[in-house]
Amino acid sequence: MIVAFVLFILDTVYMAYFYISASDASGILDVLIHALVLYYLFVGVKSGLELKKQPEEVVEVAATVTERDSAYTNNTDIQ
């Protein structure tokens, strides 16, 4: 996602330069949409980096499933 963020920044800078040099105001909506996408990419990159810093939580689901399965398989009093 970091690569997408950097490439989109380059695209936005090029687009803004193109519209400014052409003195064209018709692309203001494009620039605003690019700014919105840049914001969401920034939030995604920031959240991803914070998530990598957090310790991994271990959930013991396998033990619960094994205990449940053993309760069914140990019952051999079928009449």
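Along each chain, the written sequence defines residue order, and numbers are assigned to residues from 1. Only residues with pLDDT of at least 70 are given local features in this predicted model, and only at 80 or more are side-chain atom pairs given and counted; all residues enter the totals for whole chains, interfaces and linings. Heavy atoms from the whole structure form the basis of all side-chain values; hydrogens and water molecules are not counted.

A closer look at the environment of V6
Point 1. Note on conventions: DSSP H or I runs of at least 4 residues are helices, E runs of at least 2 residues are strands, and numbering of each starts at the N terminus. Mapped onto the elements, V6 comes out in helix α1 (residues 2-21).
Point 2. Along the backbone, V6 and L38 are 32 residues apart, and their C-alpha atoms lie at a distance of 9.4 Å.

Focus: a nonpolar patch on the surface
Point 1. Two joining distances apply to patches: 9 Å for like charges and 5 Å for nonpolar side chains (Val, Leu, Ile, Met, Phe, Trp, Tyr), and every residue must have over 30% relative accessible area and no salt bridge. Note on areas: Shrake-Rupley, 1.4 Å probe, and residue coverage restricted to the protein chains presented here. The rule for a salt bridge is simple: a side-chain nitrogen of Lys or Arg has to be within 4 Å of a carboxyl oxygen of Asp or Glu. Taken together, I2, V3, V6, L7, L10 and L49 make up a surface patch of nonpolar side chains, about 570 Å² in accessible area.
Point 2. Looking at the nonpolar patch, the element that brings in the most residues is α1, giving five residues.
Point 3. On the secondary structure map, L7 appears in helix α1.

A short note on the packing of aromatic side chains
Point 1. In summary, the pairing rule links any two rings of Phe, Tyr or Trp, Trp by its six-membered ring, whose centres are within 6.5 Å, and it sorts them by plane angle into stacked for under 30 degrees, edge-to-face for over 60 and tilted for everything else. All chains considered together, the criterion is met by three aromatic pairs.
Point 2. Between Y39 and Y40, the aromatic rings sit 5.3 Å apart at their centres with planes inclined by 65°, giving edge-to-face as the arrangement.
Point 3. Throughout, exposure labels follow a simple rule: accessible area from a 1.4 Å probe, protein chains only, divided by the maximum for the residue type, with under 20% read as buried, over 50% as exposed, and the rest as partly exposed. Residue classification places Y39 among the partly exposed residues on the basis of a relative accessible area of 48%.

Section: α1
Point 1. For α1, with 20 residues, the first-to-last C-alpha span of 29 Å sits near the 28 Å given by 1.5 Å per residue.
Point 2. Considered for burial, the residues of α1 that qualify are F5, T12, M15 and Y19. Seen end-on, α1 carries its buried residues on one side only, within an arc spanning 90°. Away from its buried face by more than 90 degrees, α1 exposes V3, L7, L10, V13, Y14 and Y17.
Point 3. Buried residues along α1 sit in contact with α2 (28-53).
Point 4. Downstream of α1 by one or two residues, S23 has phi in the positive range, about 50°. How far a helix is expected to stretch is found by multiplying one less than its residue total by 1.5 Å. It is the directions from the helix axis to the C-beta atoms whose arc is reported. For this analysis, residues touch if any pair of their heavy atoms sits within 4.5 Å.

Purely geometric stuff here, so don't read any function into it on its own.
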